[in-house]
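So you can see what is in the structure, the chains are spelled out below.
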Amino acid sequence: MTDDTPMLDVRDLRVEFRTGRRVVNAVNGVDFQVRSGETLAVLGESGSGKSVSFDAVLGVLESPPGFVTGGSAVFQGDDLFSLPARARRAVCGRRIGMIFQDPLSALNPVYTVGWQLSEMFRVHLKTGAKEAEERAVQLLQRVGIPGAGDRINDYPHQFSGGMRQRLVIAMALGASPDLVVADEPTTALDVTVEAQILDLLQSLQKEQGIGLVLITHSMGVAAEMADRVSVMYAGKVVESGNVVDLFEKPAHPYTVGLLGSIPGEGTGGRLVPISGQPPDLARIPKGCAFHPRCRFAQDICRRETPPLQRFGDGRSVACHFSTEVMAGA
Amino acid sequence: MRDTVNETDRPVLEVSGLTKHFGVHRGLTRRLVAKVHAVDGVSFSVGRGETLGIVGESGCGKSTLGKTVLRLLEPTDGSIRLNGTDISHMSDRGVRPYRRQMQIVFQDPYSSLNPRLSAGEIVGEPLTIHGVAKGREKKERVADLFQRVGLPAESVDKHPHEFSGGQRQRIGIARALSLNPDVIVCDEPVSALDVSIQAQVVNLLIDLQEEFGLSYLFIAHDLAVVRHISHRVAVMYLGRIVEITSKDNLFAEPLHPYSQALLSAIPKPDPKIKRSDKIILKGDVPSPIAPPAGCHFHTRCPHAMERCRVEPPVLREVRPGHMASCHLLDDV
């Protein structure tokens, strides 16, 4: 953490999906701050709104049906939501890099990878064709693709899953961004390949001091990679804090539940899962959205939505009983 | 166990030298141009009430192994003995009674349930097919199964789309249980589920095992889940078992370099463990169409020697109850 002012500052972001008469409240007022040189893991299960939040920030939310209905996202002084589309694309393609879960859908099957990589230099950095190609080769070398000079003439289908993800990382890093948003970058990969990719991301990040947002459902990935973690549930951040504190002393019952659900070192025995299921986002429970599944729930949880309270040491928690939870967990 | 009286310690399932190759055909005449060596001489046994975990990365043949054991795929070679009977070369008709003893739970709870049937019909269907129960008796049995897997009784008439992923997996488990099997092959049963739901299903599988003395062949790529549920674990790489031993042995001291890398690669949910201690393998899993000669793993192995490139290592007992196939272990 080099600089204390966040390079990305998202406040009270709200996103809804409108399909027919149904309104799905996917993101309900979330804040994120990312500083340069820092890795923020956004942790949540499917439907928690983690991907949608950053799709909205980066302007790649499919709209309709998705609409940003409130909040702001300021990146290095530019308010992303009020920038004209062109200027915003320039920011999001160049100063912010994006890595998606499925590398195949992020690559164009009918162009060679060399063409796709050099396109980025031609468009964003206005370099000539020859120089662009040279830089593309350098980039492939940097992300560890063997025989880069020959392979730029190959098409995406000629690469394996892990290599494709390297291509996508190369594309995200190509224009030397200050921030990279990686949405489940290793979920589609095998563990030994996942380890390679996480290793690559971490070393590239350290080399260049970029900010990294890592959207993941895996607590293992979050624990290994993050400096800070934000846990999302039903479109809200329920807890965020320093990774060591959060894993050691979770303060939100949902975080406690997530940690209890992962099989650990113990020899068999029973896991302590969270009962029930995540809510239907078109009918989020009143009060705290987690109360129907929470073993700490009291009357107040059914009535009042707990605000996100800030504690010292950078922790914030949205729970009426966070002190009790922290003491008991 | 439930029906037979003379009870021995004989394993419920014994698999020996099991091999499954798929032909790759090209052209108008469908000429055979290559073979996929999906499963290549795999042997193991599963005891009563025991869970054998099968781990490996995609393409290692673990799912093909599960399907071949069930005779959903025709084995190319080798034998499968279920309660002592060799079912590997039986006709479709001949194998049917044995299917009752061995069932499967699939990975994807969305595509493995018929969307046109109600949950009750899905769970009761095997009872009809095998002529076990009908009418009132069947209804009672289905209600009982619903209760055992934790599905609400009133959901019998609902259709699969009305259930969440975790509940659908419960339906799949109830269906597998309906015929009172001895063995259930669980093919990635929780990997499509969210973490909080995964834990519920894992707990259910453990409870059912205790209640019915079931044996599981638990196929998964998630080592943490496998570690939690298994008694013994087999590690597969490109169609072969490279290491098989008790869970405790494997996780305390993996002997094969591939097992070591695999275990080291799992992201651990403890922020105090440093990533820098990891063994990072180079490259990807090679294609099972043309697996490397010698030891399949030599192309990625940090310790590969000349011998590994030519001579396939044999799976042997390196320590009591701990089998591995690696030339490095020859002096152990």
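Here, the structure is the one placed above.
Summary of the structure given here. (Residues numbered from 1 in each chain as written. Chains lettered and ligands numbered in written order. Predicted model: local features only at pLDDT ≥ 70, side-chain atom pairs only at ≥ 80, totals over all residues.)

### Comments concerning the overall build of chain B
Within chain B, the secondary structure is distributed over ten helices and twelve strands. Against the 2.2 N^0.38 benchmark of 20 Å for 332 residues, chain B shows a C-alpha radius of gyration of 21 Å, consistent with a compact globule. Principal-axis analysis of the C-alpha atoms places the extent of chain B at approximately 65 × 55 × 50 Å. Contacts in chain B between residues far apart in sequence, at least 24 positions, make up 64% of those at least 6 positions apart. (Helix = DSSP H or I, 4+ residues; strand = E, 2+ residues; numbered from the N terminus. Rg over C-alpha atoms; globule rule 2.2 N^0.38 Å. Contact = placed C-beta atoms within 7 Å.)

### Side note on the overall build of chain A
Along its length, chain A carries 13 helices and twelve strands. Against the 2.2 N^0.38 benchmark of 20 Å for 329 residues, chain A shows a C-alpha radius of gyration of 21 Å, consistent with a compact globule. The principal-axis extent of the C-alpha atoms belonging to chain A is close to 65 × 50 × 40 Å. When burial is assessed residue by residue, chain A has 49% of its 329 residues classed as buried. Restricting to contacts in chain A with at least 6 residues of sequence separation, those with at least 24 account for 64%. (Buried ≥ 20, exposed ≤ 12 C-beta atoms within 10 Å, placed from the backbone.)

### A word on the interface of chain A and chain B
Counting residues at the interface gives 34 residues for chain A and 33 residues for chain B. The set of elements that each furnish at least two residues to the side of chain A that touches chain B consists of α8 (191–208), α9 (219–225), α10 (243–248) and α11 (253–261) of chain A. Ranked by the residues each element gives to the side of chain A that touches chain B, the list is headed by α8(A), at eight residues. A breakdown of the residues in the side of chain A that touches chain B according to their chemical character gives 15 nonpolar, 13 polar and six charged. (Nonpolar A, V, L, I, M, F, W, Y, C, P; charged D, E, K, R; others polar.)

### Remarks on the pairing of strand β1 (residues 8–19) of chain A
The two faces of a sheet get side chains in turn, since along a regular strand they alternate between them. All names here are of chain A. The sheet contact formed by β1 and strand β4 (residues 66–75) spans eight bridges and is antiparallel. What sits directly across from Leu8, in β4, is Phe75. Connecting the antiparallel pair β1 and strand β2 (residues 22–34) is a turn made up of two residues, with Gly20 showing a positive phi of about 60°. (Pairing = 2+ DSSP bridges.)

### Details of the nonpolar core
Residues Val213(A), Leu217(B), Phe218(B) and Val235(B) are the most contacted members of the largest nonpolar core, which totals 182 residues. In terms of residues, this core owes the most to one element, helix α7 (residues 161–174) of chain A, which gives eight residues. With residues up to four places along the chain from it excluded, the contact list for Phe218(B) reads Thr51(B), Leu52(B), Gly53(B), Ile54(B), Cys186(B), Val226(B), Ile229(B) and Ser230(B). (Core = buried A, V, L, I, M, F, W, Y, C linked by C-beta atoms within 7 Å.)

### Some points on the sheet that holds β1(A)
Residues and elements named next belong to chain A. Spatial strand order, β2-β1-β4-β5: four strands in an open sheet with antiparallel pairing. The open sheet is flanked by β2 and β5 (78–79), the only strands paired with a single partner. Summarising the sheet, β4 and β5 pair through two bridges and their orientation is antiparallel. By the bridge assignment, Phe75 is partnered in β5 with Asp78. Helix α1 (residues 50–58) rests against β1, β2 and β4 of the sheet, and its axis sits at about 105° to β1. (Axes fitted to C-alpha atoms, helices over the stretch in contact; angles between N-to-C directions.)

### Here's the deal with the pairing of strand β6 (residues 102–105) of chain B
Residue and element names in this part refer to chain B. Burial along β6 is two-sided: Met102 and Ile104 facing one way and Gln103 and Val105 facing the other are all buried. With four bridges connecting them, β6 and strand β7 (residues 183–187) associate as parallel partners. In the sheet register, Val105 faces β7, and the bridge partner there is Cys186.

### Quick notes on unusual backbone geometry
Residues and elements named next belong to chain A. Across the junction of Ser63 and Pro64, the peptide omega takes the value -15°, indicating a cis bond. Residues Pro64 and Pro65 are joined by a peptide bond in cis, for which omega reads 10°. You can see Pro65 is positioned in the loop between α1 and β4. Even without glycine at this site, Asp12 takes up a positive phi of about 50°. Checked against the element boundaries, Asp12 lands in strand β1. Even without being glycine, Gln76 reaches a positive phi, approximately 45°. Inspection of the secondary structure puts Gln76 in the loop between β4 and β5. C-beta crowding within 10 Å serves as the criterion here: with 15 such atoms nearby, Gln76 is assigned to the partly exposed category.

### Focus: the sheet that holds strand β9 (residues 228–233) of chain A
Sheet strands associate in pairs through backbone hydrogen bonding, adopting either a parallel or an antiparallel arrangement. Residue and element names in this part refer to chain A. Across the sheet, which stays open at both edges, the eight strands sit in the order β6-β7-β8-β3-β9-β10-β12-β11 with mixed pairing between neighbours. Two strands close off the open sheet at either side, each with one partner strand: β6 (96–99) and β11 (309–310). Here β6 pairs with strand β7 (residues 179–183) via four bridges, running parallel. Pairing of Met98 across the sheet is with Val181, part of β7. Each of β6 and β7 is contacted by α7, which is oriented at about 170° to β6, the strand it contacts most.

### What about helix α3 (residues 119–129) of chain B?
Residue and element names in this part refer to chain B. Along α3, the residues that are buried comprise Ala119, Gly120, Ile122, Val123, Gly124 and Leu127. On the buried face of α3, the contacting elements are α4 (135–148) and α5 (165–177). Gly131 occupies a position one or two residues after α3 and carries a positive phi of about 60°.

### A closer look at the environment of Arg166(A)
All names here are of chain A. By secondary structure assignment, the location of Arg166 is in helix α7. Residues Arg166 and Phe32, spaced 134 residues apart in sequence, show a C-alpha to C-alpha distance of 27 Å. If sequence neighbours within four positions are ignored, Arg166 has contacts with Val143, Gly144 and Ile145.

### Some remarks on the environment of Lys130(A)
Residue position: Lys130(A) is located in helix α5 (residues 129–142). Spatially, the C-alpha atoms of Lys130(A) and Ser118(A) are 8.9 Å apart, while their sequence positions differ by twelve residues.

### Some thoughts on the packing of α3(B) against α4(B)
Residue and element names in this part refer to chain B. α4 packs onto α3 with a crossing angle of 120° between their chain directions and a minimal axis gap of 9 Å. The orientation of α3 relative to α4 falls into the category oblique. For α3 against α4, the interelement crossing comes out right-handed. Of the residues in α4, those touching α3 at Gly120, Val123, Gly124 and Leu127 are Lys138, Arg141, Val142 and Leu145. Residues of the contact of α3 with α4, tallied by class, amount to four nonpolar, two polar and two charged. (Parallel < 35°, antiparallel > 145°, perpendicular 65-115°, else oblique. Left-handed = near helix turned anticlockwise from the far one by under 90°.)

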